[in-house]
Amino acid sequence: MKLDATDLRYVTSDEFRVLTSVEMGSKNHEVVPTVLIAQISGLRSGGVNKLIGSLAKRNLVAKVQNSKYDGYRLTYGGYDFLAMRAMSKRDSLYSIGNQIGVGKESDVYIVADLEGNEMVLKLHRLGRVSFRAIKQKRDYMGKRKSASWMYMSRLAAQKEWAFMKVLHEHDFPVPRPIDQARHCILMEFIDAYPLRQIDEVPSPGKLYSQLMDLVVRFARAGLIHGDFNEFNILIRRDSGEPVVIDFPQMVSTSHENAEWYFNRDVDCIRRFFLRRFRYESTVYPRFRSALNSEGEKSFKLDVIVEASGFGRREMNVLEEYMHAVQDDEGPNRSEEEEEEEEEEDSEEDGDGDEEAKLPASDREKGKARDEEESGPDRDEGDGIPGEDGGLKRRTGSPSESLEEHVASLSIRQGPGSIRERAAVDVGKERARQKRKYHSKRGAQNISMNGCLGTWRA
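What you are looking at is a predicted structure, and each value in this text was computed from that prediction instead of being measured. (Residues numbered from 1 in each chain as written. Predicted model: local features only at pLDDT ≥ 70, side-chain atom pairs only at ≥ 80, totals over all residues. Heavy atoms only, no water.)

Trainee: Looking at this model, I keep getting lost on the sheet that holds strand β9 (residues 192–194). Mind explaining?
Mentor: Backbone-to-backbone hydrogen bonds join strands into a sheet, with any given pair of strands oriented parallel or antiparallel. In space, the three strands of this open sheet follow the order β9-β11-β12, with antiparallel pairing throughout. Of all the strands in the sheet, the pair left with one neighbour each is β9 and β12 (242–244). Put simply, the sheet's adjacent strands are angled 35° from each other on average, direction ignored. (Pairing = 2+ DSSP bridges. Helix = DSSP H or I, 4+ residues; strand = E, 2+ residues; numbered from the N terminus. Axes fitted to C-alpha atoms, helices over the stretch in contact; angles between N-to-C directions.)

Trainee: How do you make sense of the packing of helix α7 (residues 204–220) against helix α8 (residues 258–276) when you look at a structure like this?
Mentor: Packed helix pairs are specified by the crossing angle of their axes together with the interaxial distance, meaning the distance between the axes. Two numbers describe how α7 lies on α8: the axes approach to 11 Å, and their chain directions differ by 175°. When the axis of α7 is compared with that of α8, the two are roughly antiparallel. For the pair α7 and α8, contact is made by P204, L207, Y208, L211, M212, V215 and A219 and by F262, V266, I269, R270 and F273, respectively. Counted by class, the contact of α7 with α8 contains eleven nonpolar, no polar and one charged residues. (Parallel < 35°, antiparallel > 145°, perpendicular 65-115°, else oblique. Contact = heavy atoms within 4.5 Å. Nonpolar A, V, L, I, M, F, W, Y, C, P; charged D, E, K, R; others polar.)

Trainee: Explain the nonpolar core to me, please; I cannot follow it from the model alone.
Mentor: The nonpolar side chains of a soluble globular protein tend to be buried with one another. Counting 43 residues, the largest nonpolar core has L195, L211 and F228 as its most contacted members. Looking at this core, the elements that each hand over two or more residues are α6 (145–169), β8 (184–188), α7, β10 (223–224), β11 (233–236), α8 and α9 (287–292). The element best represented in this core is α7, accounting for nine residues. In this view, L211 contacts L195, F228, I233, P242, I269 and F273; residues no more than four positions away in its chain are not counted. Core analysis: the second largest hydrophobic core is formed by 39 residues, Y79, A86, I96 and W149 among them. (Core = buried A, V, L, I, M, F, W, Y, C linked by side-chain atoms within 4.5 Å. Buried < 20%, exposed > 50% of the residue type's maximum accessible area, 1.4 Å probe, protein only.)

Trainee: What exactly am I supposed to notice about the packing of aromatic side chains here?
Mentor: Working definition: an aromatic ring pair is given by the centre-to-centre distance plus the angle between the planes. Scanning the entire structure with this criterion turns up nine aromatic pairs. Measuring from ring centre to ring centre gives 6.4 Å for F273 and Y279, while their planes differ by 65°; the resulting arrangement is edge-to-face. Since its relative accessible area comes to 0%, F273 is described here as buried. Joined through ring pairs, the aromatic side chains of Y208, F272, F273, F277 and Y279 make up one cluster. Just above the ring of Y72 sits the side chain of K63; from NZ or CZ to the centre is 5.0 Å. (Phe/Tyr/Trp six-rings, centres within 6.5 Å; stacked < 30°, edge-to-face > 60°. Lys NZ or Arg CZ within 6 Å of the ring centre and 35° of its normal.)

Trainee: What am I meant to see in the packing of helix α1 (residues 13–25) against helix α2 (residues 34–41) here?
Mentor: Contact pair α1 / α2: the axes reach a minimum separation of 9 Å and the direction vectors enclose 115°. Handedness of the crossing formed by α1 with α2: right-handed. On the side of α1, the interface is formed by R17, V18, S21, V22, M24 and G25, while α2 contributes L36, I37, I40 and S41. Split by residue class, the contact of α1 with α2 holds six nonpolar, three polar and one charged. (Left-handed = near helix turned anticlockwise from the far one by under 90°.)

Trainee: Where do I start with α1 in this structure?
Mentor: One turn of the α-helix equals 3.6 residues, which is why residues spaced by three or four share an orientation. For α1, which comprises 13 residues, the first-to-last C-alpha distance of 18 Å matches the rise-based estimate of 18 Å (1.5 Å per residue) to within 8%. If you check which residues of α1 are buried, you get E15, F16, V18, L19, S21, V22, E23 and G25. (Expected span 1.5 Å × (residues − 1).)

Trainee: What exactly am I supposed to notice about the pattern of salt bridges here?
Mentor: Close approach of charged atoms lets side chains of opposite charge pair. Taken as a whole and assessed by the stated rule, the structure comprises 14 salt bridges. The residue D191 makes a salt bridge to R237 at a minimum N-O spacing of 2.9 Å. With D191 in the loop between β8 and β9 and R237 in the loop between β11 and β12, this residue pair connects regions lying 46 residues apart in the sequence. For D191, a relative accessible area of 40% puts it in the partly exposed group. The salt bridge partner of R288 is E259, with a shortest N-O separation of 3.6 Å. Here E259 lies in helix α8 and R288 lies in helix α9, a separation of 29 residues in the sequence. The network of salt bridges with shared partners includes D7, E15 and R58. (Salt bridge = Lys/Arg side-chain N within 4 Å of Asp/Glu carboxyl O.)

Trainee: What exactly am I supposed to notice about the environment of G222 here?
Mentor: With respect to the secondary-structure elements, G222 resides in the loop between α7 and β10. Taking the relative accessible area as the measure of exposure, G222 reaches 0% and is therefore buried. With 33 residues separating them along the chain, G222 and H255 place their C-alpha atoms 9.9 Å apart.

Trainee: Before we go on, may I ask you to explain unusual backbone geometry in this structure?
Mentor: Even without being a glycine, N59 presents a positive backbone phi close to 60°. As for its position among the elements, N59 is in the loop between α3 (45–57) and β2 (61–63). The backbone of D246 sits at a positive phi, close to 65°, despite the residue not being glycine. Judged by relative accessible area, which is 16%, D246 ranks as buried.

Trainee: Would you mind going over the pairing of strand β6 (residues 118–124) with me for this structure?
Mentor: Consecutive residues of a regular strand have side chains that alternate between opposite faces of the sheet. Of all seven residues in β6, six are buried, a share of seventy percent or more. Pairing of strand β5 (residues 106–112) with β6, which is carried by seven bridges, proceeds in the antiparallel orientation. Its bridge partner lying in β6, Y109 is registered against L121. Two successive antiparallel strands, β5 and β6, enclose a turn made up of five residues, where G116 displays a positive phi of approximately 85°. Across five bridges, β6 lies against β8 in antiparallel orientation. When the bridges of β8 are listed, M119 appears paired with E188.

Laid out in structure tokens, this is it:
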């Protein structure tokens, strides 16, 4: 959802008290009963009902339909107001400006303090994009799905705050952290461009070397970024120096998949430089050599972060979430999960394994046709059918290769083969239509088609 801070200055202290009560009740209830809200807030029941109605009009709380009892749940808008009020009470946040960035699971806004100094406010919104994936794989908080997303967002903000603070104290090129409350992080504003928006640089080799040195420097200090790509790297406008952002997925070098995360970070940079700048280097860091090389070994940042308050328990919960929504090439994906996603893809496309549903004779004909057509058309002209049915490299002049290719095509174009192809195509089309309209996704589509600012604190 988009942050609208216009009404923040109009929310009274009693309304914030009720909003805080809803947040506290969400720890044990998906839908917080109105009676419990009144008990936690310590206000009269009649007054609580009026205040809840005012909060519901501003979409800070929401009434759940078809609930067994009268109750409300906290929305991300209400969670945003609670976090911003906490920062405002500490005089670290005074005004909210425009939105300057949108991530997969975060929103970024430009803000200012009492003196007008510009800062960046990042709001974590886990579950906005990955809700479906998490729902299919595991539920972290039992039946309390609405509360679990806010809890996970809060953990992500705490982890990013802890890592950013430790990295900044040890002179790593990261933004300076200013404040943190619930799922929000306040950091300094850097006049820079994201690397993905830059089309050319004066020296791609120099920038490539700087980024690889950063990956090695992180590893020497006991950390791996885990998402080191063009979206999380900023280039300063004045000096061209890189700045690293986004740390919720950071892991320790003692993690069981540390080498895989390290190699993925390196490969992301190599692929981007090859695609964008046409620069490719045969020199890139390896995980083992990076750990064994001489460098900043006098301290381990992963140990310092754990001692700072973000403990192993919170780390494990957040890592489970990151594992559940990681990319398809992740190392911990099971065969069952891959088979489920392949089935969903085939249902969505409507052209899965139709040949398994065809008669045996049609399958044999289709297989024979595929074997016949495994010549130059399949290999994009790199070879021609050999005597033993395989492929061989073309030799001679282009005209001779073309003549051989035409001759091979003319052999296959008989009346019988055309009739066989038509029969196989008709069978495949019927199987595709049957699979399309009898699958879960197709049935859902048919049923659906049939039914009809700036504020001042």
